[in-house]
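Examination of the molecular architecture
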Amino acid sequence: GRLVGLPLRLSDTALAGWNLSATVSVKMPLSKSQSLPGIMMLGTSMPKGIDAYFGRKPSLDFKLGHGAIDKFKIGSPTQLHITAAEKLRMPGWRQRDMAEMPQAPSTPALEDVVPRNMRQPRVAPAWMKHDKQVLRFYGFFQEHVTERPDENSRYRQVSFMYYMEDGTLQLSEPKIENSGIPQGMFLKRHRVPRADGVGFVGPDDLRCGEQIHIYGRTYQITGCDRFTRWFYEENGIDVGEDEPMVEDLWQKSYKFTKTAEKGGLPITTQAMDAKTLTKFQVGQPPADKKFQQFLLNDRKVLRFKGYWDDPTLYGARIYLVVHYYLADNKVEVNEAHARNSGRDAYPVFFKRGPLYKRNSGTAYPGMLVSDGGLYHPEDLFVGQSMNVWGRDVTLYDCDDFTQKFYKEFMDLDQKANCIDVSEKPLRHLKLAQPPHNGIGTEEDSLINCQMIMPKAHKPDVAKLMVLSGENLRFEAKMINGEPEDECRRFCIAFFPDTDRTAVYELQVRNSGHMGGKFREKNRIKNPETGKYFELKDFYVGKTVTICAQPFQIIRADEHCLQFLEARADDFPWASAASCARRLQPILGAPELQDQGGVDPDRLKELAEQNGIDLVDHEIITLLRGFGMDTDRGPVVCGPRLQEAC
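What comes next is a walk through the structure.

Rules and cut-offs
Residues numbered from 1 in each chain as written. Predicted model: local features only at pLDDT ≥ 70, side-chain atom pairs only at ≥ 80, totals over all residues. Heavy atoms only, no water. Helix = DSSP H or I, 4+ residues; strand = E, 2+ residues; numbered from the N terminus. Buried < 20%, exposed > 50% of the residue type's maximum accessible area, 1.4 Å probe, protein only. Polar contact = N/O pair within 3.5 Å; in protein donor to acceptor, adjacent residues only side chain to side chain. Contact = heavy atoms within 4.5 Å. Patch = residues over 30% accessible without salt bridge, like charges linked within 9 Å, V, L, I, M, F, W, Y side chains within 5 Å. Areas by Shrake-Rupley, 256 points an atom, 1.4 Å probe, with all protein chains shown as cover. Salt bridge = Lys/Arg side-chain N within 4 Å of Asp/Glu carboxyl O. Lys, Arg positive; Asp, Glu negative; His and termini not counted. Charge placed at Lys NZ, Arg CZ, Asp CG, Glu CD. Core = buried A, V, L, I, M, F, W, Y, C linked by side-chain atoms within 4.5 Å. Pairing = 2+ DSSP bridges. Axes fitted to C-alpha atoms, helices over the stretch in contact; angles between N-to-C directions. Phe/Tyr/Trp six-rings, centres within 6.5 Å; stacked < 30°, edge-to-face > 60°. Lys NZ or Arg CZ within 6 Å of the ring centre and 35° of its normal. Arc of directions from axis to C-beta. Parallel < 35°, antiparallel > 145°, perpendicular 65-115°, else oblique. Nonpolar A, V, L, I, M, F, W, Y, C, P; charged D, E, K, R; others polar.

**A word on the side chain of E505**
Structurally, E505 can be placed in strand β17 (residues 500–505). Since its relative accessible area comes to 10%, E505 is described here as buried. For E505, the side chain forms a polar contact with the side chain of R488, separated by 2.8 Å. What E505 contacts, discounting residues up to four positions off in sequence, is R488, R489, F490, H513, M514, G515, G516 and F518.

**Things to note about a negative patch on the surface**
Residues E233, E234, D238 and E241 make up a contiguous surface patch of negative charge. Secondary-structure assignment places D238 in the loop between α7 (226–234) and α8 (249–261).

**Some remarks on the nonpolar core**
By size, the foremost hydrophobic cluster in this structure holds 26 residues, and its most contacted members are F474, I492, F538, I546, F551 and L564. For this core, the elements supplying multiple residues, two or more each, are β15 (472–478), β16 (489–495), β19 (543–546), β20 (549–556) and α14 (558–566).

**Quick look at the sheet that holds strand β5 (residues 168–173)**
With respect to topology, 6 strands assemble into an open sheet ordered β6-β5-β4-β3-β8-β7, the strand pairing being antiparallel. Looking along the sheet, the strands with just one partner apiece sit at the ends: β6 (184–190) and β7 (211–214). Within this sheet the neighbouring strands show an average axis-to-axis angle of 30 degrees, counted without direction. Its contacts with the sheet put α7 on β3 (134–144) and β8 (217–224), and the angle it makes with β3 is roughly 115 degrees.

**Examining the packing of aromatic side chains**
Ring pairs (aromatic) are described by centroid distance and by the angle formed between their planes. This model, assessed by the stated rule, comprises 24 aromatic pairs. Taken together through their ring pairs, the aromatic side chains of F137, F227, W230, F231 and Y232 make up a single cluster. Positioned over the ring face of W308 is R391, at 5.3 Å from the centre of the ring. When the ring centre of Y532 is taken as origin, the NZ or CZ atom of R523, which lies over that ring, is 4.0 Å away.

**Some remarks on the environment of Y232**
Checked against the element boundaries, Y232 lands in helix α7. Given a relative accessible area of 2%, Y232 falls into the buried group. Taking the C-alpha atoms as reference points, Y232 and R207, separated by 25 residues in sequence, lie 9.9 Å from one another. Every residue in contact with Y232, bar those within four places of it in the chain, is listed here: L135, F137, P203, L206, R207, I237 and V239. Of the polar contacts made by the side chain of Y232, one reaches the backbone oxygen of L206; its length is 3.4 Å.

**Comments concerning the side chain of S575**
By the secondary structure assignment, S575 is in the loop between α14 and α15 (576–582). With a relative accessible area of 15%, S575 lands in the buried category. If sequence neighbours within four positions are ignored, S575 has contacts with A568 and T621.

**Description of α14**
For α14, the set of buried residues is C560, L561, F563 and L564. Taken around the axis of α14, the buried residues stretch over an arc of 160 degrees, which confines them to a single face. In this structure, the buried side of α14 is in contact with α13 (461–467), β15, β20 and α18 (616–626).

**Structural notes on helix α17 (residues 600–609)**
Among the residues of α17, those classed as buried are P600, L603, L606 and A607. With its buried residues spanning 120 degrees around the axis, α17 presents them on a single face. Turned more than 90 degrees off the buried face of α17, the exposed positions are D601, E608 and Q609. For α17, the side-chain oxygen to backbone nitrogen distance between the N-cap and D601 is 3.0 Å, and the N-cap itself is D599.

**What about a nonpolar patch on the surface?**
On the surface, F291, F294 and L295 cluster together into a nonpolar patch covering about 310 Å² of accessible area. Mapping F294 onto the fold places it in helix α10 (residues 289–297). On the basis of relative accessible area, F294 is assigned to the partly exposed category, the value being 38%.

**Observations concerning the pairing of β15**
In terms of burial, β15 is a largely internal element, 5 of the 7 residues being buried. Pairing of β15 with β16, which is carried by 6 bridges, proceeds in the antiparallel orientation. Pairing of F474 across the sheet is with I492, part of β16. Bridge count for β15 against β20 is 5 bridges, and the pairing is antiparallel.

**What about unusual backbone geometry?**
Within the chain, E147 stands out as a residue other than glycine whose phi angle is a positive 60 degrees. By secondary structure assignment, the location of E147 is in the loop between β3 and β4 (153–163). Positive phi outside glycine occurs at W389, with the angle close to 55 degrees. If you trace the backbone, W389 turns up in the loop between β13 (385–388) and β14 (391–398).

**What to know about the packing of α14 against α18**
Where α14 meets α18, the axes come as close as 12 Å, and the angle between the chain directions of the two elements is 85 degrees. Considering the angle they form, α14 stands roughly perpendicular to α18. Residue-level inspection shows E558, L561, Q562, L564 and E565 of α14 in contact with α18, the latter providing H617, I620 and R624. Here the contact of α14 with α18 is built from residues that sort into 3 nonpolar, 2 polar and 3 charged.

Here it is as structure tokens:
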């Protein structure tokens, strides 16, 4: 028989008694194992050797209309099959194929790595950009208290938490033990409207040292944390300076009471004396503190430098030396007299003894005085003042031992607060020279103001020996605008040995003016500069004013031109090389490339068009250095000018 689809579980005993001659096929449809994907129907099917068939299956078959066919016959191999077979014959075909395959780019793009739902937007919203960023400020508000004898108002500290991701504000009050006030969350987190009703409270409304109104209550902001201050500075906003936290009367008394309960207050002198007396009474020898202080600090003196400004009518600043003796806590103040100060030789300002911060008299002998009135080392600081019997003495410096003492025992740098008391150097105002009265030379008149017994002015002998006899002559015309003076001609003579100038009028026929001396030889001041005329003030094309008359220099004689060219360093208008270098911007002009030369007037026009102001003396220098004569007159040779540049 054949059992089909029976869910049977055969044991070894059943298999042993199975009729092997019978043709039985047991099929048990079971699903694939989920925990072991490689094991399918293991142990649920009959062994293959029981009813398996090992005979060779026939490959021939018959089809209607075709006759005998071969079931296992396949078609002829394709070129792809042949290529694959050839690859299999050679070892390493996998590596070669992988090398020939196109490679992916070495740097993957952002779109290939980051999923679309995890990419950052270009403009991040506030909830993403300012996520988990909170601005924290500290402040307080004043609350009225009624029916209490020890206080009429109290200050309650609060913390402002501004969440930048959604613009909400939260206020919380730190909890104080046994305060009797419900504290903690003071204002729930939400968007708080402004007091004026326009918009909501934002970072612009929160500043240190300012007040803010929230729901009818006024808060004073006193400080912020480090992140908040850094955030405001990064955005270029001044958040303000932190203010000290205020304390009401109850807080001060509460702290004092707690400190006293824990024994944090120092013992008074009376209490110490009472303890010492008790030790005497019980027979215990007490330690002498003053003697121990003397043994530990003998010859140790703190030295300060100070000054006192005497406010009396004829008082002045008095410099002092303050000595503080660590052996017995006594102070000595001496005056620091300078040489020739005019003061008496005894410098004691305050005799060595105890110095009190404030002086008060007792009504009768034996009256107790308050403790803590003496000056101690922790009361003396450089840069501050001390009271010496009503006189404010300012400490401006200290010695090295004092600096080391404060650095070792108090971790204080006294040198950091030193005051510079050096007097500014006296500056004597220089008297202005009186104007020349016209009598004699100006040098002789000035010597009478500088010396009680005047001496003759010493001339420049070297200049007289080198330039004696030189006479530089320039021809000029008067340009005062008068028609009758247009035809007049003058000769300006400059004597370089003494820097004197003379003006002579040339005789012109039918001019109506006589020739001769117009201005005698003398040193003449230039109205433009206020100084005497110098050689550089005279050149062709220059207009000078002499005797209130304007003269335009139009020519110079040959000796004058040669003299100036020989001293081109002092007179740049006479240097051909210097004038050629000024024309470098226009060397590419077609006129300067012409071998026939360029007209001087045209050269001056080209220079003016390119922003170069050439004076007439420079044109004369160029003609003398690079000029040539033609039928149309003297011209400047352009190629020679280019070679000089």
